[in-house]
Amino acid sequence: MKRSYEQIKRYLKEVRAAIQADRCRIEQSGRRPANQELCKNYVIDEAGIRRILLALTPEDFCKVLHNQHKGFEQELLYVFGKEAELIPRFGTGKEAVALYIKINKLNDQFVIIVSFHKQTYPLAYAFKP
């Protein structure tokens, strides 16, 4: 599903507004072990995750997917990739970590961060050369 640079810019503006208004949730359930794994392996809390999300740009955008969960097929999930400097929980110094971020912005302007974890494969970016 193709999106223009301007559409992604508007989408991110709405996502930022929801995050700043505390109308968001970062999925940490047992169905999302990779999200939990990131927090287990790196020193990052919800405030750190929010800072990274607020720094997303249209250049970080990859693609749009339809939600695959039964009953939610009408929802669109936006995939982004972002490199962030994180501190390993059991190590020294900082490490550049390529992140996979999947966002679901609901019609009521509530945002669910479905995925926030290390990339498991290289992403194709829509607006990066």
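None of the values given here were measured: they were computed from a predicted structure.

Per the counting criterion, the structure on display carries 5 salt bridges. Salt bridges sharing common partners tie together Asp22, Glu46 and Arg50.

Judged by how many residues are buried, strand 4 (residues 95-105) sits mostly within the fold: 8 of 11 residues are covered. Pairing analysis gives 10 bridges linking strand 3 (residues 76-86) to strand 4, with the strands arranged antiparallel. Within the sheet, the bridge partner assigned to leucine 77 lies in strand 4 and is asparagine 104. What sits between strand 4 and strand 5 (residues 111-118) in their antiparallel hairpin is a turn of 5 residues, with glutamine 109 showing a positive phi close to 70 degrees.

Here we come to the environment of isoleucine 87. The topology assignment puts isoleucine 87 in the loop between strand 3 and strand 4. With relative accessibility at 37%, the residue isoleucine 87 sits in the partly exposed group. Separated by 44 residues in the primary sequence, isoleucine 87 and valine 43 have C-alpha atoms spaced 5.5 Å apart.

Conventions we followed
- Residues numbered from 1 in each chain as written.
- Predicted model: local features only at pLDDT ≥ 70, side-chain atom pairs only at ≥ 80, totals over all residues.
- Heavy atoms only, no water.
- Salt bridge = Lys/Arg side-chain N within 4 Å of Asp/Glu carboxyl O.
- Buried < 20%, exposed > 50% of the residue type's maximum accessible area, 1.4 Å probe, protein only.
- Helix = DSSP H or I, 4+ residues; strand = E, 2+ residues; numbered from the N terminus.
- Pairing = 2+ DSSP bridges.

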